[in-house]
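Descriptive structure summary
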Amino acid sequence: MKKIINTTTDSEIIEEYVCNGCGNKVQVIKMKMLFGPQKGQWFETKKGCDCEVLGIIKTQQQEAKKARLMKIFEENSLINPSLREATFDNFIPGEFSQSFEKAKKYVCDFDIKNPKNLLFQGSFGTGKSHLSVSIAKALTAKGYTTIFISTPKLLTKIRNTYNKNSEHGEEKIINSLAMVDLVVFDDIGAEGETSGWVMQKLFEIIDLRAGKHNIYTTNLSSSEFEITKDMGRIFSRMLINTDLIKMNGTDFRKRQFVKGGA
Ligand SMILES: [Zn+2]
């Protein structure tokens, strides 16, 4: 329905354009208040589309979603206090600038329909976990659900649910791992056991995440994974659809020490 606007008296079309959002023709109209306390005053209004209002609502919804996702990350992650504050911004690349770039690229390229894994492999304290936490947080900010798991802590937690005779507990943990867009399995191989129940459980969990996005970090070399059949099985599963990022080098804390000039 077209309205004819009288341009001589109370209102005037001052601009017309086609909205990029909805494709509607939009009129910017200057109108004069004909009654009420603001009688006689001019104001501007838009006719033809609601994109601006909807945009504000959408932004608010997205912000609420991000806050919700961050809460999921914080409540479900098993993460050491020293890593809680880790982000891309406070990572000191040093000799690992290539690893740093690859980690950021993983975030940029993240596509829910095209799952990809990363394996950070290398010596203790080189920043593998720091980069993994940074990836998880950056993806959370982009609207994805992520969980960061210290693998030894996860297995301890699952085992504790057995001790308390509450299988429900394990189910809850496993379900949350199955549902999220990305899981970081930190410190694989530091469980202190190389066979038996722990390895069986770990294999099950990694298997459950097949065809999804995962990040693994480990201090173990490839040959160290071959110590037992169980470990070897886990390692070969970790390599499917996975980019390997090697980070062998100076301990991060030592690097900081050198940087400080002490
Ligand atoms: Zn519009």
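Heads up: the structure comes first, above all this text.
So, a few notes on the structure that sits alongside this text.

Rules and cut-offs
Residues numbered from 1 in each chain as written. Predicted model: local features only at pLDDT ≥ 70, side-chain atom pairs only at ≥ 80, totals over all residues. Heavy atoms only, no water. Core = buried A, V, L, I, M, F, W, Y, C linked by side-chain atoms within 4.5 Å. Buried < 20%, exposed > 50% of the residue type's maximum accessible area, 1.4 Å probe, protein only. Helix = DSSP H or I, 4+ residues; strand = E, 2+ residues; numbered from the N terminus. Contact = heavy atoms within 4.5 Å. Expected span 1.5 Å × (residues − 1).

Regarding the nonpolar core
Of all hydrophobic cores here, the largest spans 27 residues; its most connected members are Leu 154, Ile 188 and Met 238. Counting residues per element, the ones that place at least two in this core are β5 (146–150), α4 (151–163), α5 (167–179), β6 (182–186), α6 (197–208) and α7 (229–238). It is α6 that contributes the most residues to this core, 6 residues altogether. What Met 238 contacts, discounting residues up to four positions off in sequence, is Leu 119, Ile 188, Ile 206, Tyr 216 and Phe 225. Residues Leu 131, Val 133, Ala 136 and Leu 182 belong to the second largest nonpolar core, which totals 26 residues.

What to know about helix α3 (residues 128–141)
Side chains that are three or four residues apart share a direction in an α-helix, a result of its 3.6 residues per turn. Here α3 spans 20 Å end to end across 14 residues, near enough to the 20 Å set by a 1.5 Å rise per residue. Summarising burial for α3: 12 of the 14 residues are buried, a large majority. Residues Lys 128, Ser 129, His 130, Leu 131, Ser 132, Val 133, Ser 134, Ile 135, Ala 136, Lys 137, Leu 139 and Thr 140 constitute the buried set of α3. Looking at the packing, one finds that the buried side of α3 touches α1 (51–76), α2 (97–109), β4 (117–121), β5, β6 and β7 (213–218). Within two residues after α3, Gly 143 carries a phi angle of roughly 105°, on the positive side.

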